[in-house]
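# Close look at the chain arrangement
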Amino acid sequence: MEGYKNSGETIPFGSLKDQIDQIVHVQCRRLLKSMRRSINSPLADELGISVALFYPGDQGIRKFYKYGKAGPDQKITESTVFALGSVTKAFTAILTAILQVKNVIGPMENALVAPYFPVINQPSPYWDTATFLDFATHTSGMPDKSPDGQPSVKLFDGYAPSEDFVGWWNDENLQKNWAHRIQQNEWIYSNPGFVTLGFAAVAAAQASMGADITYGDLLEEITGTLGMKETFVGSDVPIGAVESIGHAKGRAVAINGAVDLKSSARDMHTFLAALNEAMQLSSQGSAMSVLQEGLALSTQKWKTATNPKTGVDMNMGLGWQLTTTGFLDKNGATSRGGSSCDVRLRVFAEGKQPVGIAVMTNQVGSKRTPSSVAKAIVEAIAGLAD
């Protein structure tokens, strides 16, 4: 083997560990360089990248890589916390899958969300048919944004939907558009659609398990079970968690300015390992815990729908996009938290080496992104394994 080639550069290989190190180093150094160029101020020296690499086996492969800084005079460790933005959607979808496993809701493809929202006016041609699965796969017909600037704030802080958001839900003209898009099997990336899913999941849990249940309580089903002590929503930072300093639009921001998911490389490695194990157990027909069943359900292909802007068919798990190269993928970026990230994992297949990665940065807005870097790294490493 000649070496790892990227952009005309060839890097000689040694051991498998050396090969993987070189792949990660090349991509992450280029990402950090791009991040620093985009900010063009003294703050550029405070930018950094944290990587969790999932590659199980006996080869001594590193689990964590760190580049740059987490803030002024602040080193990055595997416990440094970053805001994950829309990666929250994958967790929301998994929580919904767990509710199905627990029989709190029926099968997602048939379970309507409207019965859990007394504030929704019914009957309605849209709400009489919109299911949990529609919202978990970006096929609810809802657009990218809603008139309510921060509908998710109330979801993660444990409050009811705002009056503006409820009014938006009940707009009959909008409902007609949403219903038409469902009928056309359109895939539209929808932030308010997933916020709606989150509110529905919490409301369903409250109806079954108690009126005081919050999104954070549901998240404990994942984080508590797996021991992910540095993963949380809201602004209350767990004891021992050390936050990075985020950067957006040329200025430093607190990452808990974003109220949705925050996590560390250590916890994301744990999460990737749990996802892989759940897929493997499901493939083998083995006994699984409630959490493992929920994780496995999220990784299956549930829908193929067409992006009306590009004409491209999108294969969807629950929250996850299933790429043509055989990976689960979810990216995230948040200006409020000044962070961006990408999480992806090879879909389990007998005889294939598992490969997964989480690339997290404390900056949003660079030309090179965690998504492009994560994709390049895992596909190169998967090529070595094959």
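Everything below is about the structure printed above this text.
Just so it is clear, the structure is predicted and the values come from calculations on it, not from any experiment.

### Digging into the pattern of salt bridges
- Going through the model one piece at a time under the given rule, you end up with 10 salt bridges.
- With a shortest N-O distance of 3.3 Å, K66 and E78 are connected by a salt bridge. In this pair, K66 sits in strand β4 (residues 64-71) while E78 sits in the loop between β5 (74-75) and β6 (80-83), placing the two residues 12 residues apart along the sequence.
- For K66, a relative accessible area of 35% translates into the label partly exposed.
- Taking the shortest distance from any N to any O, the salt bridge between R266 and E230 comes out at 3.6 Å.

### Focus on the side chain of H269
- Tracing the sequence through the fold places H269 in helix α9 (residues 265-284).
- Judged by its relative accessible area of 11%, H269 falls in the buried class.
- Contacts of H269, omitting those with residues within four sequence positions, involve A52, L53, F54, K63 and F64.

### Side note on the nonpolar core
- Counting residues in each nonpolar core, the largest one holds 81 residues, and the members touching the most others are F91, W127, W169 and F271.
- Ignoring any residue separated from it by four or fewer positions in sequence, one finds W169 in contact with F117, V119, I120, W127, M142, P161, Q175, W178, T196 and F199.

### Structural notes on the pairing of strand β15 (residues 339-346)
- Burial analysis of β15 places eight of its eight residues in the buried class, which makes it a mostly covered element.
- The side-chain alternation of β15 yields two buried faces, one formed by S339, C341, V343 and L345 and the other by S340, D342, R344 and R346.
- By the bridge criterion, eight bridges tie strand β14 (residues 327-334) to β15 in an arrangement that is antiparallel. Looking at the pairing, L328 lines up with L345 of β15.
- Between β14 and the antiparallel strand that follows it, β15, lie four residues; G338 among them carries a positive phi value of about 55 degrees.

### Some remarks on the sheet that holds strand β7 (residues 242-243)
- Pairing is mixed across the open sheet formed by three strands, whose spatial order is β7-β6-β10. Two strands lie at the open edges of the sheet, namely β7 and β10 (262-264), each paired on one side alone.
- Two elements, β6 and β10, share three bridges in a ladder whose sense is antiparallel. Along β10, the bridge assignment pairs V81 with S264.
- Contacts from α9 reach β6 and β10, with the element oriented near 90 degrees to β10.

What counts as what
All residue numbers refer to positions counted from 1 along the written sequence of the respective chain. In view of the model being predicted, local features appear only for residues whose pLDDT reaches at least 70, and side-chain atom pairs are presented and counted only at 80 or more, with totals across whole chains, interfaces and linings using the full set of residues. Values reported for side chains reflect all heavy atoms of the structure, with hydrogen atoms and water molecules removed beforehand. Each salt bridge in this description consists of a side-chain nitrogen of Lys or Arg and a carboxyl oxygen of Asp or Glu lying within 4 Å of one another. Strands here are runs of E lasting at least two residues and helices are runs of H or I lasting at least four, both read from the DSSP assignment and numbered beginning at the N terminus. Each residue gets one of three labels from its accessible area relative to the maximum for its type: buried under 20%, exposed over 50%, partly exposed in between, using a 1.4 Å probe on protein chains only. Whether two residues are in contact is decided by their heavy atoms, any of which lying within 4.5 Å being enough. Among buried residues, the Ala, Val, Leu, Ile, Met, Phe, Trp, Tyr and Cys ones that are joined through side-chain atoms within 4.5 Å form a nonpolar core. Whether two strands pair comes down to DSSP finding at least two bridges between them. Angles run from 0 to 180 degrees between N-to-C directions of axes, and those axes are lines fitted to C-alpha atoms, restricted for helices to the stretch in contact.

The values reported here are purely geometric and, on their own, carry no functional implication.
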